Amino acid sequence: MIPKIFPRNLTARAAVEVVGNPVNTRLESGVGNCFPGLEFDHRNLDRRFFPGLVFEFTEAGVLLLHTDLNDPALDENPGVKKALAGKTGETLSLGSWFLEEITQEGKTISVPVSNSDMAMMT
Amino acid sequence: MVGLVTLEAPSRPIAAAIGASGPPPLLHLLPGGPPLVFVVEGSRLFEVDPEYFDQLARAGEPAGEALLELGKRVVPTTARSVPLPPPNAISLNIAHACNLSCSYCYADEGRFGGRVSMMSREIACAAIDRLLDGVSEQRVTVGFIGGEPFLNRQALYSATEYACERAKRTGCRVGFSVTTNGTLLTAQDIEFLREHSFSVSISLDGSAETNDQHRRSRNGGSGFDMAMRAITPLLRDPGRARVAARATITRQDLQVVERVDALLRAGFAEVGVSPLRTSPDAQLALRDQDWSLFLNEMVRAAEVEWQRVCDGSQFRFSNLAVALRQLHAGYCKPLPCGSAASYVSVSARGEYFTCHRTIDDPRFALGNTATGLSQNRRENFLRSRHVDRQEPCRSCWARYLCGGGCHAEVLSAGRSGCDYIRGWLEYCLRFYDRTLRQFPAMLDRGELMQ
């Protein structure tokens, strides 16, 4: 039986990890009307745009935070799930991985990565 | 150059070298109801179902896997190696002298075992320069302490003005504090304190009768009357200043509620108390048998505070308010205070010490304002004082809430009153849970005194 555990103070609440996007992706976390022309920080929108991978947008680039085998999106991608549970997942768990390019239907978008910062983080 | 101080828990051989017995506790089950479990790493508080609580009570930590597993997702603050930045707060012992003659004074009536001396403007400014040289675009604090700081009024005024001007040039914000007996404050001083938004801590022990048992002038005059005459205009209209009373409790009179009430009636918005652990007169310091009585007094004062808050008042008893704020945020500290880390103290002669309690004690010396603060000494001091390097602290569930006790007191007189600290923390954890249920917004909106 799984015990019922209710976090009380702030550090206890921070320790409970839920599957899904973090609270700072909610609409109310947008910068709103404080900065005209910058009504919403799109980097907050989604950290889970690839099944099983969680990213963080940092000054150094788009950093792979960790893999998540419990991601419901993996149920529709059993091949990816298998890869993440195996050698690919193991490789991704070593060192720091940054997203450099996204390719879709023949089009490639480059994502800038700061080399000096990356060196600091590895 | 900024060095590194390793604040992570000592390695196994070091733990063995300090005579550690068994692994440090990871969980603490709080007595009473509802069933609350305190997880030591990260200072996390959980409520669990009663069956699980009983299982934890029977089987101990092996049954706590589900709780401890949650903690693995958080890097505990005690386990991080953090760079040791320059301090962002200093206190200037502007006057090694005092006009009162308090029986329990740790500072030997301000002289710290030496002769009466006053800090020069040059030394005060040199210490301020060193403080501001080490930081940029942040908030720093300059505190004035003694003895009685207002015995060296001109240096206090000019150091404050110099710090404001110097901070403006460096893009820093500077805050000021002063600890005073209040007896020498003039109308001009009060205006100055308001103008510079000082945090003013007035040392008073309670009612006139209670206070004057130990706090009298050299000719026997009432310290209470002298202080109240001078500070009443400040209490009535603090302006931008913030005024709090701090009462010392000796073993001759352990009452807390009566002291707090008397000082609130006198017009203070905040009152804190501090038990006397070391004293030149050994008859006054609390002894082993006194701590349980003192705990009862603290709990009594906290229950009175609960009633006050239920009646719509703000928190006034600062010992309780500070504990609640820290428990809410999950403070988890490997050291008891900022001493030698974010805060250092400067003697009248311009020598650095770990804090205002250790002035002129060579064990706590950290260099001087002429040649600068010794980074090595700071790092060595902090490394040696890590709570995981102390016994019995290492085996205590409350080690990261307490931090191991005041360095000055522990190194001078050893540890006493650990059961009191644990008892008070258990009570505060329960009080926190009660506040969270009844006034949740008060904690989240930060309505506890800052």
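This is a predicted model, so every value here is computed, not measured.

## Things to note about the nonpolar core
Working step 1: Counting 110 residues, the largest nonpolar core has B:Leu92, B:Phe144, B:Phe268 and B:Trp424 as the members making the most contacts within it.
Working step 2: Looking at this core, the element that brings in the most residues is helix H15 (residues 418–438) of chain B, giving nine residues.
Working step 3: The contacts of B:Phe268, once residues within four sequence positions are left out, are B:Ile202, B:Leu204, B:Ile231, B:Leu235, B:Val243, B:Ala244, B:Ala245 and B:Leu263.
Working step 4: Residues A:Ala12, B:Leu27, B:Val37 and B:Phe53 belong to the second largest nonpolar core, which totals 11 residues.

## Structural notes on the environment of B:Leu92
Residues and elements named next belong to chain B.
Working step 1: Relative to the helices and strands, Leu 92 is located in strand E6 (residues 89–96).
Working step 2: Each C-alpha atom, one on Leu 92 and one on Ile 145, is 6.0 Å from the other, the two residues being 53 residues apart in sequence.
Working step 3: Excluding residues within four positions of it along the chain, Leu 92 makes contact with Met 119, Ala 124, Ala 127, Ile 128, Val 142, Gly 143, Phe 144, Ile 145 and Val 346.

## Here's the deal with the pairing of strand E12 (residues 270–275) of chain B
Residues and elements named next belong to chain B.
Working step 1: Of all six residues in E12, five are buried, a share of seventy percent or more.
Working step 2: As paired strands, strand E11 (residues 242–249) and E12 are joined by six bridges and run parallel to one another. Looking at E12, one finds that Ala 244 is bridged to Glu 270.
Working step 3: Handedness of the crossover joining E11 and E12 through helix H9 (residues 257–265): right-handed.

## Examining the interface of chain B and chain A
Working step 1: Contacts between chain B and chain A engage 24 residues on the former and 14 residues on the latter.
Working step 2: The contact between chain B and chain A buries some 1,600 Å² in all, and 60% of this surface belongs to carbon and sulfur atoms.
Working step 3: Our count for the chain B to chain A interface comes out at one salt bridge.
Working step 4: In this structure, A:Arg8 and B:Asp433 form a salt bridge, with 2.7 Å as the shortest nitrogen-oxygen distance.
Working step 5: Put simply, chain B and chain A have 10 residue pairs in polar contact (both at pLDDT 80 or more) between them.
Working step 6: Contributing elements (two or more residues each) for the side of chain B that touches chain A: strand E4 (44–48), helix H3 (65–71), helix H11 (318–329) and H15 of chain B.
Working step 7: Element by element, the count of residues in the side of chain B that touches chain A is highest for E4(B), at five residues.
Working step 8: Grouping the constituent residues of the side of chain B that touches chain A by class yields 13 nonpolar, four polar and seven charged.
Working step 9: Inspection of the sheet shows strand E1 (residues 5–7) of chain A paired to E4(B) by three bridges, in the antiparallel sense. Following the sheet pairing, A:Ile5 is matched in E4(B) by B:Val48.

## Things to note about the confidence of the model for chain A
All names here are of chain A.
Working step 1: Predicted confidence across chain A gives a mean pLDDT of 74, with 65% of residues reaching 70 or more.
Working step 2: Between the elements of chain A, mean pLDDT differs from a low of 36, seen in helix H4 (residues 115–121), to a high of 94, seen in helix H2 (residues 78–85).
Working step 3: This stretch, residues 32–36, has a pLDDT under 50; its non-local contacts, to residues over four places away or in other chains, come to three contacts.
Working step 4: Contacts of residues 115–122 to residues separated by more than four positions or lying in other chains number 10 contacts, the stretch itself having pLDDT below 50.

## Describing the sheet that holds strand E2 (residues 27–29) of chain B
Working step 1: Taken together, the four strands give an open sheet; going across it, the order is E1(A)-E4(B)-E3(B)-E2(B), and neighbouring strands pair in antiparallel fashion. Each end of this open sheet is capped by a strand with a single partner; those strands are E1 of chain A together with E2 of chain B. When the angles between neighbouring strand axes are averaged without regard to direction, this sheet yields 30 degrees.
Working step 2: Along the sheet face, helix H2 (residues 50–59) of chain B touches E1 of chain A together with E2, strand E3 (36–39) and E4 of chain B and points at about 115 degrees away from the line of E2(B).
Working step 3: Of the strands in this sheet, E2, E3 and E4 of chain B are in contact with H15(B), which crosses E3(B) at around 115 degrees.

## Section: the side chain of A:Arg8
Working step 1: Among the secondary structure elements, A:Arg8 is positioned in the loop between E1 and helix H1 (10–14).
Working step 2: Here the side chain of A:Arg8 touches B:Asp433 through a polar contact of 2.7 Å, side chain to side chain.
Working step 3: Contact partners of A:Arg8, with chain neighbours within four places excluded, come to A:Arg13, B:Leu36, B:Leu45, B:Phe46, B:Glu47, B:Tyr432, B:Asp433, B:Leu436 and B:Arg437.

## What about the pattern of salt bridges?
Working step 1: By the definition in use, this model includes 29 salt bridges over all chains.
Working step 2: B:Arg300 is the salt-bridge partner of B:Glu258, the closest N and O atoms lying 3.1 Å from each other. You can see B:Glu258 sitting in helix H9 and its partner B:Arg300 sitting in helix H10 (residues 291–310), a full 42 residues away along the chain.
Working step 3: Exposure remark for B:Arg300: the relative accessible area of 34% places this residue in the partly exposed category.
Working step 4: A salt bridge links B:Arg399 to B:Asp388; the nearest nitrogen and oxygen atoms lie 3.6 Å apart. Residue B:Arg399 is located in helix H13 (residues 399–402), and its partner B:Asp388 is located in the loop between helix H12 (375–385) and H13; the two are separated by 11 residues in the primary sequence. By the burial criterion, B:Arg399 is buried, and B:Asp388 matches it.
Working step 5: When salt bridges with common partners are traced through the structure, they connect A:Arg8, B:Glu47, B:Asp433 and B:Arg437 into a single cluster.

How each quantity is defined
- Residues numbered from 1 in each chain as written.
- Chains lettered and ligands numbered in written order.
- Predicted model: local features only at pLDDT ≥ 70, side-chain atom pairs only at ≥ 80, totals over all residues.
- Heavy atoms only, no water.
- Core = buried A, V, L, I, M, F, W, Y, C linked by side-chain atoms within 4.5 Å.
- Buried < 20%, exposed > 50% of the residue type's maximum accessible area, 1.4 Å probe, protein only.
- Helix = DSSP H or I, 4+ residues; strand = E, 2+ residues; numbered from the N terminus.
- Contact = heavy atoms within 4.5 Å.
- Pairing = 2+ DSSP bridges.
- Right-handed = clockwise from strand over helix to strand, strands pointing away.
- Buried area = accessible area lost by both parts, 1.4 Å probe.
- Salt bridge = Lys/Arg side-chain N within 4 Å of Asp/Glu carboxyl O.
- Polar contact = N/O pair within 3.5 Å; in protein donor to acceptor, adjacent residues only side chain to side chain.
- Nonpolar A, V, L, I, M, F, W, Y, C, P; charged D, E, K, R; others polar.
- pLDDT = per-residue confidence, 0-100.
- Axes fitted to C-alpha atoms, helices over the stretch in contact; angles between N-to-C directions.

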